[in-house]
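Overview (structure and organization)
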Amino acid sequence: MTALLLVLVLAASYATPVAHSSSTGKFGSSGGCSCHYGAGSTVSLTGTPTDYTPGQTYSLTISVSSSSGSKGGFSLDVNKGAFSNPGTSSKVNSQDTREATHSNENQRSWTLDWTAPTSGSGTAAFSYAGNAVNGDGTNNGDAPSTGSKNVPEGSGTNNAPSASSVSISPNPAVTTDI
């Protein structure tokens, strides 16, 4: 009987889901988590262009707002390009630079850079989750939310060639017809 009870306890511990968030960040959780309960936050991602220029770097800000507490966290993923230059309290996954998260819970706004992919890559899809937390150490009274944004590759503008500050020499120019 004791052996059966031990087997059941061990089986239950393997079946227990792993938490999707952490005070020091969680990569790959841009779909949000079901471990925090509450409502009323807004997560936003700013600095993304309307359409990207291949290889260009953009400064992004992800932030979460809520009347719940003063702490927070985020998880941000993109399918193309790479994150770099994380600001204070954020970090980029060294194994997959398409993932970023917070490094501590004491902020509600974070910055990092995104370098657009090479030409011909197509639309970059960003997905993100933010969580405004009240800091009471429980998962109640927090305010998680998610968002997504698609940024197409720019078509590039085909401008006609032009020249400025043109000078002709000798001045005045002359022709000689024979």
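The notes below deal with the structure included here. Quick caveat, the model's predicted, so the values are computed rather than measured. (Residues numbered from 1 in each chain as written. Predicted model: local features only at pLDDT ≥ 70, side-chain atom pairs only at ≥ 80, totals over all residues. Heavy atoms only, no water.)

**Digging into the pattern of salt bridges**
Inclusion rule: What counts as a salt bridge is simple: a side-chain nitrogen of Lys or Arg found within 4 Å of a carboxyl oxygen of Asp or Glu. Starting at the N terminus, helices and strands are each numbered in turn, a helix being any DSSP run of H or I of at least four residues and a strand any DSSP run of E of at least two.
Under the definition given, this model contains two salt bridges. Linking Lys71 and Glu105 is a salt bridge whose minimum nitrogen-to-oxygen distance equals 3.8 Å. On the criterion of sequence distance, the pair formed by Lys71 in strand 3 (residues 71-78) and Glu105 in the loop between strand 6 (99-102) and strand 7 (109-115) is long-range, its members being 34 residues apart. The salt bridge involving Arg98 is made with Asp96; its shortest N-O contact spans 3.0 Å.

**Quick word on the nonpolar core**
Basically, it comes down to this: Residues belong to one nonpolar core when they are buried, are Ala, Val, Leu, Ile, Met, Phe, Trp, Tyr or Cys, and are joined through side-chain atoms within 4.5 Å. Between buried and exposed lies partly exposed: a residue is buried under 20% and exposed over 50% of the maximum accessible area for its type, with that area taken using a 1.4 Å probe on protein chains only. By definition in these notes, contact holds between two residues if any of their heavy atoms fall within 4.5 Å.
Within the largest apolar cluster, 23 residues are counted, with the highest numbers of intra-cluster contacts made by Ile62, Leu76, Phe83, Trp114 and Phe126. Contributions of two or more residues to this core are made by strand 1 (42-46), strand 2 (57-65), strand 3, strand 7, strand 8 (124-133) and strand 9 (143-151). Excluding anything up to four places from it in sequence, Phe126 contacts Leu45, Thr48, Leu60, Leu76, Asp77, Val78, Phe83, Trp114, Gly147, Ser148, Lys149 and Val151.

**A short note on the packing of aromatic side chains**
What counts is decided by this rule: Only the six-membered ring of Trp is used, alongside the rings of Phe and Tyr, when aromatic pairs are assigned; centres must lie within 6.5 Å, and planes under 30 degrees apart are stacked while those over 60 apart are edge-to-face, with the rest tilted.
In total, this model carries five aromatic pairs according to the counting rule given. With a centroid separation of 5.0 Å and an interplanar angle of 40°, the aromatic rings of Phe74 and Trp110 are classed as tilted. With Phe74 in strand 3 and Trp110 in strand 7, this residue pair connects regions lying 36 residues apart in the sequence. A relative accessible area of 3% means that Phe74 is categorised as buried. Residue classification places Trp110 among the buried residues on the basis of a relative accessible area of 1%. Linked through ring pairs, Tyr52, Tyr58, Phe83, Trp114 and Phe126 together constitute an aromatic cluster.

**Notes on the pairing of strand 7**
For the record, the criterion: Here, any two strands with at least 2 DSSP bridges between them count as paired.
As defined by bridge partners, strand 2 adjoins strand 7 across seven bridges and the pair is classed as antiparallel. From the neighbouring strand, Ser63 faces strand 7, where its bridge partner is Ser109. In the sheet, strand 4 (residues 82-84) pairs with strand 7 via three bridges, with the strands oriented antiparallel. Looking at the pairing, Phe83 lines up with Trp114 of strand 7.

**Re unusual backbone geometry**
Its identity is not glycine, yet Asn85 carries a phi of approximately 50°, on the positive side. Residue position: Asn85 is located in the loop between strand 4 and strand 5 (90-92). On the accessibility criterion, Asn85 (53% relative accessible area) is exposed. The backbone phi angle of Ser89 is positive, close to 70°, even though this residue is not glycine.

**As for the environment of Phe126**
Residue position: Phe126 is located in strand 8. For Phe126, a relative accessible area of 1% translates into the label buried. In the structure, Phe126 is positioned 24 residues away from Asn150 in sequence and 6.1 Å away in space, judged by C-alpha atoms.

**What about the sheet that holds strand 9?**
To keep things clear, this is the line we draw: Each axis is a line fitted through C-alpha atoms, and for a helix only the stretch in contact is used; angles between axes span 0 to 180 degrees, taken between their N-to-C directions.
Sheet architecture is open: five strands sit in the order 5-6-3-8-9, paired in antiparallel fashion. Edge positions in the sheet fall to strand 5 and strand 9, since each has one partner strand and no second. Pairwise comparison of adjacent strand axes, ignoring direction, gives a mean angle of 15° for this sheet. For strand 8 and strand 9, the ladder comprises nine bridges, and the chain directions are antiparallel. Across the sheet, the residue bridging to Ala124 is Val151, located in strand 9.

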